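Residue-level listing of the chains:
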Amino acid sequence: MLYHIYETQRSLMEPFTDFAQAAAKLFSNPMSPFSESPLAQRMSAGYELLYRLGKDYEKPAFEIHSVDVDGVGVAVHERIEMDKPFCELRRFKRFSDDTATLTKLKAQPVVLIVAPLSGHYATLLRDTVRTMLKDHKVYITDWKNARLVPLADGEFHLDDYVNYVQEFIRHLQGIYGNCHVISVCQPTVPVLAAVSLMASRGETTPLTMTMMGGPIDARKSPTSVNNLATNRSFEWFENNVIYRVPENFPGAGRRVYPGFLQYTGFVAMNPDRHASSHYDYFKDLIKGDDASAEAHRKFYDEYNAVLDMDADYYLETIQTVFQDYKLVHGTWDVRSPDGKIERVRPQDITTTALFTVEGELDDISGSGQTEAAHDLCSGIVRKEQRHLEAKGAGHYGIFSGRRWREVVYPQVRAFILEHEKPQAKIAAPVTETPDDNPPKRIAAAATTKAVAPVPKATAKPIAKPVATAAVKTPVKAASKTPTKPTAKAPAAVATRWVAPAPAATTSEPTGAAAPADVGVATPAKTTVTAAASARTRRNAARKA
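Only a predicted model underlies this, so the values are computations on that prediction, with no experimental measurement involved.

Draft legend 1. Structural detail: the overall build of the chain. Counting secondary structure elements, the chain contains 21 helices and 14 strands. Across the 544 residues that make up the chain, the buried fraction comes to 46%. Counting every atom, the chain has about 27200 Å² of accessible surface; 57% of that belongs to carbon and sulfur.

Next comes the structure, spelled out in structure tokens:
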């Protein structure tokens, strides 16, 4: 019911926020006569502040169109690589017409950034992505707003989050051979679970895991976030913060933890700081400090944009991570997509290097919570483990801003480069088909398709008797009167018959086109015709 009341209030306020925006422009536009009044600047600033306090903040865009790579401008194209019901895997593909730069870009490491699903959109990591793009091929998880996901797409659990991460890792491994994984805040726990499960099954695990400011062990240095989760029961969260999506959204009826409640919690953690920030914004508008005012807008456009989380995922995260500590106690079981229950065992990870990062002033994930991953991953040798505490950095400072770019990122980049291995792109069915040589790839595919269907043809009832007759007939004819046409026929049959052997190793799809029936029958037809010609000549000789 609370969600419906909020949406009603927002709808009623919308005309007033639009009026405030129009009034702010009316008093600030130099072409307007109202801008000449003595209090015009103050009136414009007041209306602008009212507009920003009352507006509805939509999902922001990444807006990363280019990056600088060693002094060369590189264009960036953002695209959706995979589209899941609750998440999109986005790729930031880089382009350059400079040969040396292009060669460098192709050889750089592949990084999967797992963004948090904890209230804000993945665009909160915009600075992280932009910085990483200078030296890496970057992919990021972009989680969807649960109120936009129809009920027909099913529920979303913490297990599904873990399974999504595994699927994304396998996808990148299938393209590049392997990848590196960076998780920021909340996803450190499901990412560790995903890699642990892959290791337990004997799968190839990522080359490195970089975990930043996450609650691996929430018992250490508890913060206000941890205390809220531990001081309230599971039933309290289920009864007080879970509501159904109103009818005016695609996900109508879905149980969610609404974004507006999460935003209220964010602001309640530091109300004085936010109040001061908005007052400073008001003064900047009066002074005409456009740069400071624009910086305020950019920050709060991101900070105020929140999404709904599926109720099952949220409640299971509270219970698993903050109340029962299942990861550190070794009691966490995850259900795979095929329904199999598997125990999360971080100690099974042996081939993935581990780097943890914490902020000295982090008030969300306390000191030692992320570093606890090293004790859990006992199978990783000590020389492959590293920890960094960023001095003077808060929670956001370890992945955004000056300290991220100058202190944290250089060490993350060095760690990834230290463990990078040559990339081996996996070509689909045919080997050695480089992406930059389309003609060769097409020719190889055509050759494979011409040969591969032959075994399929031999399995057909019609082709098999004809081929057998083709082999036997020339032998009988040759024993009496060896002729030139008959001698060539077995060679033709042998050539076609041997060819299918390598085709079996090309892994061509079983649905390949099958003009092979004609290809197999042709030598038999030639042989039978030659044999008939031989018999005709012998009969003519006898009559003579």
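Draft legend 2. Layout of the sheet that holds strand 14 (residues 385-390). Here we have nine strands laid out as an open sheet, ordered 1-2-3-5-4-6-7-13-14, and mixed in their pairing. Since the sheet does not close on itself, it has two edges, and those belong to strand 1 (66-69) and strand 14, each with one partner. Strand-to-strand, the axes of this sheet are offset by a mean angle of 25 degrees, without reference to chain direction. Bridge analysis of strand 3 (residues 87-95) against strand 5 (residues 137-143) gives six bridges, and the strand direction is antiparallel. Each residue of the ladder has a partner; that of Arg91, found in strand 5, is Tyr139. Sheet strands in contact with helix 6 (residues 188-201) are strand 4 (110-114), strand 6 (180-184) and strand 7 (208-212), and its direction is about 160 degrees off that of strand 7. The strands touched by helix 15 (residues 402-418) are strand 4, strand 6, strand 7, strand 13 (353-359) and strand 14; relative to strand 7, the strand with the most contacts, the crossing angle is about 160 degrees.

Draft legend 3. Highlighting the side chain of Gln108. Residue position: Gln108 is located in the loop between helix 3 (99-106) and strand 4. Judged by its relative accessible area of 7%, Gln108 falls in the buried class. Here the side chain of Gln108 touches Lys134 through a polar contact of 3.5 Å, landing on its backbone oxygen. Engagement of the side chain of Gln108 in a polar contact is seen with the backbone nitrogen of His136, the distance being 3.4 Å.

Draft legend 4. Structural context of the sheet that holds strand 9 (residues 255-257). The antiparallel open sheet is built from three strands, whose spatial order is 8-9-10. Lying at the two open borders of the sheet, with one neighbouring strand each, are strand 8 (243-244) and strand 10 (309-310). Examined bridge by bridge, strand 9 and strand 10 share two bridges and lie antiparallel to one another. Its bridge partner lying in strand 10, Val256 is registered against Asp310.

Draft legend 5. Region of interest: the nonpolar core. Tyr161, Leu192, Ile216, Tyr314 and Trp332 are the most contacted members of the largest nonpolar core, which totals 66 residues. In contact with Tyr314, not counting residues within four places along its chain, are Phe237, Val241, Ile242, Tyr257 and Met309.

Draft legend 6. Main features of the confidence of the model for the chain. Across the chain, pLDDT averages 82, with 78% of residues at or above 70. Low pLDDT (under 50) marks residues 427-532, which in the prediction has 64 contacts with non-local residues, meaning those over four places away or in another chain. Under a pLDDT of 50 for its full length, residues 540-544 has, in the predicted model, zero contacts with residues more than four places off or in other chains.

Draft legend 7. Looking closely at the pattern of salt bridges. Scanning the model with the defined rule gives 30 salt bridges in all. A salt bridge links Asp70 to Lys104; the nearest nitrogen and oxygen atoms lie 2.3 Å apart. You can see Asp70 sitting in the loop between strand 1 and strand 2 (72-83) and its partner Lys104 sitting in helix 3, a full 34 residues away along the chain. On the accessibility criterion, Asp70 (60% relative accessible area) is exposed. Lys104 gets classed as partly exposed once you look at its relative accessible area, which sits at 38%. When the shortest N-O distance is used, the salt bridge between Arg297 and Glu294 registers 2.9 Å. Within this pair, Arg297 and its partner Glu294 are both found in helix 11 (residues 290-303), separated by three residues, close to a single helical turn. Residue Arg297 is classed as partly exposed on the basis of its relative accessible area of 21%.

Draft legend 8. Expanded view of the pairing of strand 7. In terms of burial, strand 7 is largely enclosed, as five of its five residues are buried. Residues Thr208, Thr210 and Met212 of strand 7 are buried on one face, and the alternating residues Met209 and Met211, pointing to the opposite face, are buried as well. Examined bridge by bridge, strand 6 and strand 7 share five bridges and lie parallel to one another. Paired with Ile182 across the bridge in strand 7 is Thr210. With respect to chirality, the unit in which strand 6 leads through helix 6 into the neighbouring parallel strand 7 is right-handed. Here strand 7 pairs with strand 13 via five bridges, running parallel. Looking across to strand 13, one finds that Thr208 is bridged to Ala353.

Each value, and the rule that gives it
Residues numbered from 1 in each chain as written. Predicted model: local features only at pLDDT ≥ 70, side-chain atom pairs only at ≥ 80, totals over all residues. Heavy atoms only, no water. Helix = DSSP H or I, 4+ residues; strand = E, 2+ residues; numbered from the N terminus. Buried < 20%, exposed > 50% of the residue type's maximum accessible area, 1.4 Å probe, protein only. Areas by Shrake-Rupley, 256 points an atom, 1.4 Å probe, with all protein chains shown as cover. Pairing = 2+ DSSP bridges. Axes fitted to C-alpha atoms, helices over the stretch in contact; angles between N-to-C directions. Contact = heavy atoms within 4.5 Å. Polar contact = N/O pair within 3.5 Å; in protein donor to acceptor, adjacent residues only side chain to side chain. Core = buried A, V, L, I, M, F, W, Y, C linked by side-chain atoms within 4.5 Å. pLDDT = per-residue confidence, 0-100. Salt bridge = Lys/Arg side-chain N within 4 Å of Asp/Glu carboxyl O. Right-handed = clockwise from strand over helix to strand, strands pointing away.

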